[in-house]
Amino acid sequence: MTLVLRNVRPWGGDAADVTLDGGVIAAVGPATSEGAAPAGSAPGSSAVVEGRGRILLPSFSDVHVHLDSTRLGLPFRPHTGAPGVWNMMLNDRANWRGAEASAAERATMTLGAMIERGTTRVRSYAQVDVDAGLERFEGVLAAREAHRDRADVAVIAFPQAGLLREAGSAEVLEEALRMGADVVGGIDPCALDRDPVRHLDIVFGLAGKYNLPVDIHLHEPGQLGLFSAQLILERTKALGMQGLVTISHGYGLADLPAAQLQELIDDMGALDVSMATIAPAGAPLPLQQLAAAGVRVGLGQDGQRDYWSPYGNADMLDRTWQLAFTSKFRADELIEHCVAVATVGGSSIIDPQAPRVASVADRPGLAVGDAAELVLVEGDTVTAAVMDRLPGRTVIHRGRVVAEALQLV
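Residues numbered from 1 in each chain as written. Predicted model: local features only at pLDDT ≥ 70, side-chain atom pairs only at ≥ 80, totals over all residues. Heavy atoms only, no water.

### Some thoughts on the pairing of strand β12 (residues 274–277)
Under the convention used in this document: Partly exposed residues are those whose accessible area sits between 20% and 50% of the maximum for their type, while under 20% is buried and over 50% is exposed, using a 1.4 Å probe and protein chains only. Counting from the N terminus, the helices are the DSSP runs of H or I reaching at least four residues and the strands are the DSSP runs of E reaching at least two. Strands qualify as paired when DSSP identifies two bridges or more between them. Classification remark: right-handed applies to a crossover when, strands pointing away from the viewer, the course from the first strand over the helix to the second runs clockwise.
Residues S274 and A276 point to one face of β12 and M275 and T277 to the other, with burial holding for every one of them. In this structure, strand β11 (residues 245–249) lies alongside β12, joined through three bridges in parallel fashion. Following the sheet pairing, I247 is matched in β12 by M275. With helix α7 (residues 258–271) bridging β11 and the parallel β12, this β-α-β connection has right-handed handedness. The pairing of β12 with strand β13 (residues 297–299) spans three bridges and is parallel. Each residue of the ladder has a partner; that of M275, found in β13, is V297. In this view, the connection linking β12 to its parallel neighbour β13 by way of helix α8 (residues 287–292) has right-handed handedness.

Here it is as C-alpha cells:
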C-alpha cells in the first residue's frame, strides 16, 4: 500500500500531495482537500497522512553523535571535566560506569528520542579503548538493533583515547571492525598521539583492510590542525579514497589565514573529503565557501548531556538553529541552507551516492525517486520552523510513519 502525504509544502513551497511507494517518493501532485481521495488512487489503495499545510523536509541526518556517552533522561549532574581532550576523556572514563543505566539502555533511549524529533539517519561514534573494551560499542549496536525499523544507523569504532598512548588500543579498534563497525575512527594525530604518521598508518591501514570509510576527529588548533588535515588529504589521494573520508569538527580551520583556508577547502572539494560539524561556539565553519567548493557538510549533536558537556537534547532542528546562529546567518536562504546541511548534507556523508547539496541555494531530497526519509514540521516558512521549533512533527522512514505528531515538552 502506498502512503500519501496530503496537503504538505515541500521545502515550504506550494501545497502538494506527495505519494510514497517502495521506500521512495513516487509522485508529487496538486494538493487535495482533507477527506477527499488522493488524485489517481483507487479506494483503499493508499493510506493518508494529513499534512494540514505543514512543511515537508528530508528527515534529519545526525552524522556526529556519541550515543555511547549520552545521559539524556537521567538525573542532571554537575559538569566535572577539566579542559583538554585527554582530561575530558579521563573524566568520562572515571564516571561512565556509574551511570544510572547501562550504555545500551542510554543509547537506546536517546536514539528513540532523536527519531521522534525527526532524525532517521545517524552516524554514531562508539568508544573503543583498553578501559571500555567493546562494552560501549556493543551498547550502540544494541540501540541500532532496537530501532532497526525506525532509523538507519552507521557505527564508527572510535579510539577516543588515541591509538598510541595505551598498549592494545589498535587491537581493540580492529576487534570492533571485525564485529561489524561501519566506519574507522581516528582522533588528533598530532596533539593526542603525537605521531601522525603512525596514527594515520593504523587508521587508513585498517580502512583498507576492511574496505571501510574513515572519520577523524580534529580538535587541533590553527597551523597544527592544517598540518593534520593536509596529511589526511595526502592519504586520501594516495590511497584512492575519494568520497570515503570525513574530517569532524575541524575547530581550528576557520582561524586560518584566508588564502590557506581557501586552498584547503579547494583541496577537500577536489578529493571529495567531507566535513561534519556540531555548530560550536567560536569561529564558525565557512559554510558558503565549503558549498561553493562542493564539499559535503553534515551536522550532529555530539555528546548529549554527558560527561563532556551538559548540552544536547536529541533535537536536530534545535541544532540547526544553533548552526544558523553561530554562523551569524540572518537571510532566509542561508538559514534554509543550514536545514539542507542538517538533512541532505548529512545523508550524503553517510552515503556518498545520495543526493548532494550543490550550492547554498540548492534544496534537494524531495524529488520523485528520492528516498522517503521525511519529516513534517510546523511553520509559516522553513526559516520560521527553525526559529520556532514547534511540536507536531510526523517522521517517516522508508516510506512509513515511525513517529506521529510528537508533542514536545
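Let's pick the thread back up.
### Observations regarding the packing of aromatic side chains
Defined as follows: By convention, a stacked pair of Phe, Tyr or Trp rings (six-membered ring in the case of Trp) has centres within 6.5 Å and planes under 30 degrees apart, an edge-to-face pair has planes over 60 apart, and any other such pair is tilted. Only when the NZ of Lys or the CZ of Arg is both within 6 Å of the ring centre and within 35 degrees of the ring normal is a charge said to sit over the ring.
Inspection of every chain in the model, using the stated rule, returns two aromatic pairs. Ring centres of W321 and F325 lie 4.9 Å apart, and the angle between their planes is 10°; on these two criteria the pair is classed as stacked. Of this pair, W321 and F325 both sit in helix α9 (residues 316–326), four residues apart, which is roughly one turn of that helix. Across the ring face of W96, the terminal group of R136 is positioned such that the distance to the ring centre comes to 4.9 Å.

### Topic: the pattern of salt bridges
For clarity, the threshold we go by: Whenever Lys or Arg places a side-chain nitrogen within 4 Å of a carboxyl oxygen from Asp or Glu, that contact is recorded as a salt bridge.
Scanning all chains against the criterion turns up 21 salt bridges. One salt bridge in this structure joins D182 and R144, with 2.8 Å as the shortest N-O distance. Taken as a pair, D182 in the loop between α4 (169–178) and β9 (183–187) and R144 in helix α3 (residues 135–146) lie far apart in primary sequence, 38 residues in all. Residue class for D182 comes out partly exposed when judged on its relative accessible area of 27%. Given a relative accessible area of 24%, R144 falls into the partly exposed group. Salt-bridge contacts for R296 lead to D272; the nearest nitrogen and oxygen are separated by 3.0 Å. Residue R296 is located in the loop between α8 and β13, and its partner D272 is located in the loop between α7 and β12; the two are separated by 24 residues in the primary sequence. One network of salt bridges, in which partners are shared, links R93, R97, D129, D131 and E166.

### Some points on unusual backbone geometry
Look at D302: it is not a glycine, yet its phi comes out positive at around 65°. Inspection of the secondary structure puts D302 in the loop between β13 and α9. Overall, D302 belongs to the buried group, its relative accessible area being 18%.

### Some remarks on the layout of surface pockets
Quick note on the threshold: Throughout, the protein atoms alone are placed on a 1 Å grid, and a set of points is a cavity if a 1.4 Å probe fits but cannot get out or a pocket if it is open with protein on both sides within 12 Å along at least five of seven lines; lining residues have an atom within 4 Å of a point. Grid points are joined across faces, edges and corners, and a volume is the space filled by probe spheres set on the points. Polar here means any residue outside two lists: the nonpolar Ala, Val, Leu, Ile, Met, Phe, Trp, Tyr, Cys and Pro, and the charged Asp, Glu, Lys and Arg; Gly therefore counts as polar.
Here the largest pocket is characterised by a volume of approximately 710 Å³. In terms of lining residues, the largest pocket is bounded by 31 residues, among which H249, Y251, I278, D302 and S309 are the most central. Those elements that place two or more of their residues in the lining of the largest pocket are α1 (85–95) and α9. Looking at the lining of the largest pocket, its residues break down into 11 nonpolar, 13 polar and seven charged. For the second largest pocket, the calculated volume is near 280 Å³. If you trace the second largest pocket, you find 18 residues lining it, with R121, S347, A354, A371 and E373 closest to the centre. Among the elements of the structure, β7 (119–127), β8 (152–158) and α10 (332–350) are those that each provide at least two residues to the lining of the second largest pocket. Here the residues of the lining of the second largest pocket are counted per class, giving nine nonpolar, three polar and six charged.

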